[in-house]
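What follows is each chain in one-letter form.
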Amino acid sequence: MRPYLLLLLFFCTTAAQARQAVYDAVVAADGSGDYTSLQAAIDALPDDSPMQKLIFVKAGTYEEHVYIAPSKSRLSIVGEGRDRVVITDRQVSGGPQAVPVDRGATVVVHASDVTFQGISFVNGYGVEAVDGPQALALYAKGDRIALSRCGIYSYQDTYRTSEANNGRNYVEHSEILGAVDFIYGNGNAWLEQCTIKINRPNGGFIVAPKHYPDTRWGYVFNRCTVTADGPDDPARTRVWLGRPWHNQPQTVFLHTRFLVTIPPEGWYPMMAGLPSVFAEYGSVDGQGRELDLSRRITRYYKIVEGDTIWGTAKSRLTADEAARYTLADVMGGDDNWQPQRLFQPAPQPRGYIVYRDGRLVGIVSRLKAKYGRPPYQVRPVNAYGCLSDE
């Protein structure tokens, strides 16, 4: 019998057992999984599990609001890819139709130790209207929330980070779309090699943080790319790096490539806070040429009961200051969290996702037939349910 026929026989006889061994639940919009909605799969998991629970989401568009309660900590949600798995809603948290962000954001994460891979979070209102008011795609309120190869899409207030002063969000190799204050909130966030897309031609703001004095690091953008959404020359889009929403915001851009145009001043000088650090190091343009940071502002102001309150913030980091921002320090906290390890290939995989000619044909815990040649492709699954490349 040919190897691929042995493999198909293996799928037919053990599919249910293998799927349960690899993932606790499979979500499929076409009915081929355990649930047709992500919320139903989350709700069915036990509360306060001592072990990481794993959900796999098959390709499809899921029109739903997803709420991950604090009792659903230690959860991994893994999709087939951000271009293939879309979770979308269209609620707004501003204007006359406003609902609280806990109900308005497409996906709300109150739990901690939540991992996402290969999923797009979309607020359809923001994407379609290309206008405000606030329309959140993701509210990652908890601690130790990690995303890899995801998409977060809206216009205003796209992605709200942790509410805890030192709560941690880690985002790698992902795409974030917006225009007005679209990465905002509190906590420490590290964005690694992400693409930041602007969908407004002029006058937008990338960040709007509200960090408190005891927040250790704030927002760190490392080796990211900032570009425009659409076919036009990105340099025609002009966007501020950010503005201080409340309190004492902290944001640094390290080794970031700006295809869009940043005003010489860099940062908008006023909102309701006074930043402690709004700074850059190693910023370059689309051709890799070092940006002139000499005109970046260092003075900010806010209006309090008619009075103008002034403050200062560093705008440029030295090499030594930039070197202090390491992934280990910013994300490590008091428990030595290492989020990048959540997505690393496992020496001994937990299981495998098997494709034939690009179509998913099985989730297996073991491979009993010799194969590896076309038309089959295999993606190993690690202990957190995350997929390696083929």
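Caption draft 1: Inspection of the overall build of the chain at higher detail. When you go through the chain residue by residue, the secondary structure sums to 6 helices and 34 strands. Its C-alpha atoms give the chain a radius of gyration of 22 Å, within 12% of the compact-globule value 21 Å for 390 residues. Considering only C-alpha atoms, the chain reaches an extent of 80 × 45 × 45 Å along its principal axes. Counting across all 390 residues of the chain, residues that qualify as buried make up 55%.

Caption draft 2: Structural detail: the nonpolar core. In this structure, Ile55, Phe116 and Ile183 are the most contacted members of the largest nonpolar core, which totals 60 residues. Among the elements that take part in this core, helix H2 (residues 38-44) stands out by supplying 3 residues, more than any other. In contact with isoleucine 183, not counting residues within four places along its chain, are Tyr159, Ile176, Leu191, Ile196, Ile206, Val207, Ala208, Tyr219 and Phe221. Core analysis: the second largest hydrophobic core is formed by 30 residues, Tyr23, Phe56, Val252 and Ile363 among them.

Caption draft 3: A look at the sheet that holds strand S22 (residues 238-242). Spatially, S4-S7-S10-S13-S16-S19-S22 is the arrangement adopted by the 7 strands of the open sheet, whose pairing is parallel. Sheet topology places strand S4 (66-68) and S22 at the edges, where each strand pairs with a single neighbour. Inspection of the sheet shows strand S13 (residues 159-160) paired to strand S16 (residues 180-185) by 2 bridges, in the parallel sense. Bridge pairing in S16 links arginine 160 to tyrosine 184.

Caption draft 4: Layout of the pairing of strand S5 (residues 75-79). In terms of burial, S5 is largely enclosed, as 5 of its 5 residues are buried. Here S5 shows no split at all, with Leu75, Ile77 and Gly79 on one side and Ser76 and Val78 on the other all buried. Here strand S2 (residues 53-57) pairs with S5 via 5 bridges, running parallel. Among the inter-strand pairings, isoleucine 55 is bridged to a residue of S5, identified as isoleucine 77. The pairing of S5 with strand S8 (residues 114-117) spans 4 bridges and is parallel. Each bridged residue has a counterpart across the sheet, and for leucine 75 the counterpart in S8 is valine 114.

Caption draft 5: Up close: the pattern of salt bridges. Applying the stated criterion to the full structure yields 18 salt bridges. Notably, a salt bridge pairs glutamate 192 with arginine 223, separated by 2.4 Å at the nearest N-O pair. Here glutamate 192 is found in strand S17 (residues 188-192), whereas its partner arginine 223 is found in the loop between strand S20 (219-222) and strand S21 (225-228), with 31 residues between them in sequence. With its nearest N and O atoms 3.2 Å apart, the salt bridge here joins aspartate 334 to arginine 216. Within this pair, whereas aspartate 334 is found in the loop between helix H6 (327-332) and strand S32 (351-356), its partner arginine 216 is found in the loop between strand S19 (202-209) and S20, the two being separated by 118 residues in sequence.

Caption draft 6: Focus on the packing of aromatic side chains. Considering all chains together, one arrives at 12 aromatic pairs under this definition. Relative to tyrosine 268, the ring of phenylalanine 205 has its centre 5.4 Å away and its plane inclined at 75°; by these criteria the two rings are edge-to-face. Of this pair, phenylalanine 205 sits in strand S19 while tyrosine 268 sits in the loop between strand S25 (257-258) and strand S26 (270-273); the two residues are 63 residues apart in sequence, bridging distant segments of the chain. Among the residues examined, phenylalanine 205 registers a relative accessible area of 8% and is labelled buried. Take tyrosine 268: its relative accessible area is 29%, and that puts it in the partly exposed class. In this structure an aromatic cluster arises from ring pairing among Phe221, Phe253, Phe258, Trp267, Phe278 and Tyr300. Geometry around tryptophan 240 places arginine 238 over its ring, the cationic atom sitting 5.8 Å from the centre. Here arginine 299 stacks its cationic end above the ring of tryptophan 310, 4.2 Å away from the centre of that ring.

Quick notes on the rules
Residues numbered from 1 in each chain as written. Predicted model: local features only at pLDDT ≥ 70, side-chain atom pairs only at ≥ 80, totals over all residues. Heavy atoms only, no water. Helix = DSSP H or I, 4+ residues; strand = E, 2+ residues; numbered from the N terminus. Rg over C-alpha atoms; globule rule 2.2 N^0.38 Å. Buried < 20%, exposed > 50% of the residue type's maximum accessible area, 1.4 Å probe, protein only. Core = buried A, V, L, I, M, F, W, Y, C linked by side-chain atoms within 4.5 Å. Contact = heavy atoms within 4.5 Å. Pairing = 2+ DSSP bridges. Salt bridge = Lys/Arg side-chain N within 4 Å of Asp/Glu carboxyl O. Phe/Tyr/Trp six-rings, centres within 6.5 Å; stacked < 30°, edge-to-face > 60°. Lys NZ or Arg CZ within 6 Å of the ring centre and 35° of its normal.

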